[in-house]
Amino acid sequence: MDKERRKIEIKGIVQGVGFRPTVYRLANEYNLKGIVFNDSKGVTLDIEGDPENINSFLEELKKNPPPLSNIEEIKSEKLPIKDFHEFKIIESEESEEKTTLVSPDISTCEDCKGEFLNPKDRRYLYPFINCTNCGPRFTITEELPYDRRNTTMKNFEMCEKCRTEYENPDNRRFHAQPNACSDCGPHLELLDSEGKKQRGNPINKAIKLLKKGKIIAVKGLGGFHLACNAKDIKAIQTLRERKMRPYKPLALMAKDLKVISEFVHIRDKEKELTSSPRAPIVLLKKKEKNILPDNIAPNNNFLGFMLPYTPLHILLLENLEVLVMTSGNKRDEPIAFDNQDVVLRLEGIADYFLVHNRDIWIQADDSIARIADDKPLLLRRSRGYSPQPIRCPIGNEKKIIGFGAHKHNTFTISREDEIFVSHYIGETDNIETIKAFERGIKHFINFFDIPPDIAVVDLHPEYQATKFGKKWAFENSKPLIEVQHHHAHIASCLLDNKIEEKVIGVAWDGTGYGTDGNIWGGEFLIADLEEYERKAHLQYIPLPGGDITVKEPWRMGAVYLYDIFGKGFSRLDIDFVKALDKKKWYVIQNMIDKRVNSPFTSSVGRLFDAVSSILGIRSFINYQGQAAIELEMIAKENGEEFYKFDIIKGIKTHIVEPKKVIESIVDDIKKEIPKESISSKFHIGLAELIVDVSVLLREETRINKVCLSGGVFQNIILRNEATKRLRKENFKVYNHNKLPPNDGGISAGQVAIAMKRFKK
Ligand SMILES: [Zn+2]
Ligand SMILES: [Zn+2]
């Protein structure tokens, strides 16, 4: 029988995920000889043996790759026979590895969980158990290559038993960089609110305290959580008061899928996503009757659940079944992740701190996802996903950095066709967040060794991220481009779906700076990655007072009524008008009449605010988007009736007029039509509007592809109704999946646009 030698190059996420040991094990199984090594492109095999065996080996590798890997391409070529005597893993040169990737952090695997809960195992209940397939990665790595000496595990010297595992290619801890045991690895401590170490077993004590209703800051993979018993209404209330978060939904962690299904409906796709190694928070529909207190997610039909993703979480949840696990931060600040400052940062919030001495190098909040159209949709892309790159169909040898926008901010850097979107940074409007933003950027540039050649910022001159980006470009003498906010939204959707041609882009959100100096947010664009044309938008309306109007939706309700009914609106016989604070309103009316501090806006987010407040759902908000979210939550399911928007056709731009919609809503309120029906008619009206404008633009341009992007498309009713109705009219519809539709996707869109513009 003739043997064959082949060089096989494998591209994708194949490094730091146990790929070479898997290859080694399989090669031995199929009696193949040769070598395997990492290089700048991925993993390369030089392999020799029976041709049929080589084929079966490759089939098996494709069918059962290491759980964290993602094979994108396999190239194979024949070489002259070399007569290898054995199969070996070859160590790579450092210079080569500099350009490789590092896996995101991964939840504890089933094998490790088994050992962890097995009283006979040497790591029984050791809360830092991990292996090649699981454990911390990105958050503990200071620089590449991903090697223990470059991680925060460098201070722990492996004991002999651990080292033997680490060095044995047959062992599932071969080259598991954070490998440790209770003899040689990190350990837990429980501190009181002043940072004083408590005696006794930290975990048992923490469990007791949680049962008693205490709030404990628990150190996880990417930062601290604030934990409390999810069945204890008082503990949750205390946590809300201390965090000054009366309404924003709190995330939950449950022992397993069975426990989760006691509280929410969970379908197969949702189970798959929840239990994936990335372990995001998944939004799931509440069961009508469940025993969890209402104050976990008031006025919301969904609960965000995740499964325990570290051994420490497993231990806590084995005993408590379900915990509130919300980000360990003060309101609007970034998540705390450092033992040194957590006691100060969470002063007055946490009663105790469950900490350990494995440092977190870079923070990563929990990712948030849901299933939409049978596919995962990321609403916040962070732990478990970042820094895995997204591939751009064009690519550019110039390295680009995008500084993002303002809310839910991220930044992005690129290398060739790889787009690295950062972990979640948050609202860049306080010192702590801006510091985290700067630190993150510095880390990414050094970490991936990508000194950017081009900087991209949002058009908004007042965004901190824009200011920071401009300063960065100036100090580093790099060209800078400004990208319009809604173009960046559509670009992020194009990138998400790997589309290069022109599309009808529906970009709806709360706020984005327009080229005419107005605040856009209800935009229909014809766009590709290079350029865009604004073809239609929601009619402009004054936004008196700016930010305060965003926080107090009643102002927008009154502005719309004033705009449509004039001064006579004060005689409208509806509760909203009767309850109006007339003194405050006259100040606002004056501002509008005199055009003082009243920019124009075409924001759909503000229209949602107006409708929500006129309906009496919410006049003041406590977290971003609250008025719109609560309006969505009450909408009657499967409605068919809708309010019709008028479209005023223009030569260059069409204007969407909401006058009739608001009038009909007021009529319906007078007729005492239930709010649930009014909300449904409003949602479906918006979906029908998207179809109408798309049909109009298709007639003009013959473009048949529609991209839906912007924060408004987090609204699942609108997303589903618009998608369904567009498809009925034979449109190809593209939604977000890998990148969030909200401003968390802006930096990626900015970079994709720069890639295209600098291609020539
Ligand atoms: Zn494991
Ligand atoms: Zn050890």
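Conventions adopted
- Residues numbered from 1 in each chain as written.
- Chains lettered and ligands numbered in written order.
- Predicted model: local features only at pLDDT ≥ 70, side-chain atom pairs only at ≥ 80, totals over all residues.
- Heavy atoms only, no water.
- Buried < 20%, exposed > 50% of the residue type's maximum accessible area, 1.4 Å probe, protein only.
- Helix = DSSP H or I, 4+ residues; strand = E, 2+ residues; numbered from the N terminus.
- Pairing = 2+ DSSP bridges.
- Right-handed = clockwise from strand over helix to strand, strands pointing away.
- Donors = N, O, S within 2.8 Å, 3.2 Å for Na, K, Ca; no water.
- Tetrahedral: all angles 85-135°; square planar, octahedral: opposite > 155°, others 65-115°.
- Phe/Tyr/Trp six-rings, centres within 6.5 Å; stacked < 30°, edge-to-face > 60°.
- Axes fitted to C-alpha atoms, helices over the stretch in contact; angles between N-to-C directions.
- Contact = heavy atoms within 4.5 Å.
- Arc of directions from axis to C-beta.

Most of strand S29 (residues 705-709) is tucked away: 4 of the 5 residues are buried. Judged from the 4 bridges that link them, strand S22 (residues 503-513) and S29 form a sheet pairing that is parallel. If you follow Gly505 over to S29, its bridge partner there is Cys707. On the question of chirality, the crossover connecting S29 to the parallel strand S30 (residues 732-734) by way of helix H23 (residues 716-728) is right-handed.

Ideal values differ by geometry: the angle at a metal is 109.5 degrees with four tetrahedral donors, but 90 or 180 degrees with six octahedral donors. Listed as protein donors to the zinc ion (ligand 1) are Cys109 (SG), Cys112 (SG), Cys131 (SG) and Cys134 (SG); their distances from the metal cover 2.3 Å. In this structure, the zinc ion (ligand 1) is coordinated by 4 donor atoms arranged in tetrahedral fashion, with angles at the metal of 104 to 116 degrees. Along the chain, the residues that donate to the zinc ion (ligand 1) are spaced as C-x2-C-x18-C-x2-C. Overall, the relative accessible area of 0% leaves Cys112 in the buried class.

The next subject is the packing of aromatic side chains. Under the definition given, this model contains 20 aromatic pairs. Relative to Phe305, the ring of Phe263 lies with its centre 6.1 Å away and its plane at 10 degrees, an arrangement referred to as stacked. Highlighted residues: Phe263 in helix H8 (residues 257-263) and Phe305 in strand S12 (residues 302-306), separated in sequence by 42 residues. On the basis of relative accessible area, Phe263 is assigned to the buried category, the value being 1%. Judged by its relative accessible area of 0%, Phe305 is buried. Judged by centre distance (6.1 Å) and plane angle (75 degrees), the ring pair of Phe411 and Phe437 falls under edge-to-face. Of this pair, Phe411 sits in the loop between strand S18 (400-402) and strand S19 (412-421) while Phe437 is found in helix H12 (residues 431-447), placing the two residues 26 residues apart along the sequence.

In this section: unusual backbone geometry. With an omega of 5 degrees, the peptide bond running from Ser386 to Pro387 counts as cis. Within the secondary structure layout, Pro387 lies in the loop between strand S16 (375-380) and strand S17 (390-396). One non-glycine residue with positive phi stands out, namely Met244, at about 55 degrees. Assignment of secondary structure puts Met244 in the loop between helix H7 (233-243) and strand S9 (252-254). When its relative accessible area of 56% is taken as the criterion, Met244 is described as exposed.

Here we come to the sheet that holds strand S5 (residues 87-89). Spatially, S4-S1-S3-S2-S5 is the arrangement adopted by the 5 strands of the open sheet, whose pairing is mixed. Two strands bound the open sheet, and with one partner strand each, they are strand S4 (70-79) and S5. The mean angle between the axes of side-by-side strands here comes to 15 degrees, regardless of whether they run parallel or antiparallel. For strand S2 (residues 33-39) and S5, the ladder comprises 3 bridges, and the chain directions are parallel. Residue Ile35 lies in a different strand from S5, and its bridge partner there is Lys88. Running over the sheet, helix H1 (residues 19-29) touches strand S1 (4-13), S2, strand S3 (42-49), S4 and S5 and is turned about 175 degrees from S5. The strands touched by helix H2 (residues 51-63) within the sheet are S1, S3 and S4, with S1 carrying the most contacts at an inclination of about 10 degrees.

Here the focus is H7. Within H7, burial applies to Ala235, Ile236, Leu239, Arg240 and Lys243. Seen end-on, H7 carries its buried residues on one side only, within an arc spanning 140 degrees. For H7, exposure combined with an orientation more than 90 degrees from the buried face picks out Ile233, Lys234 and Glu241. Structurally, H7 contributes buried residues whose contacts are with strand S8 (224-229) and strand S13 (322-327). Met244 sits one or two residues past H7 and shows a positive phi near 55 degrees.

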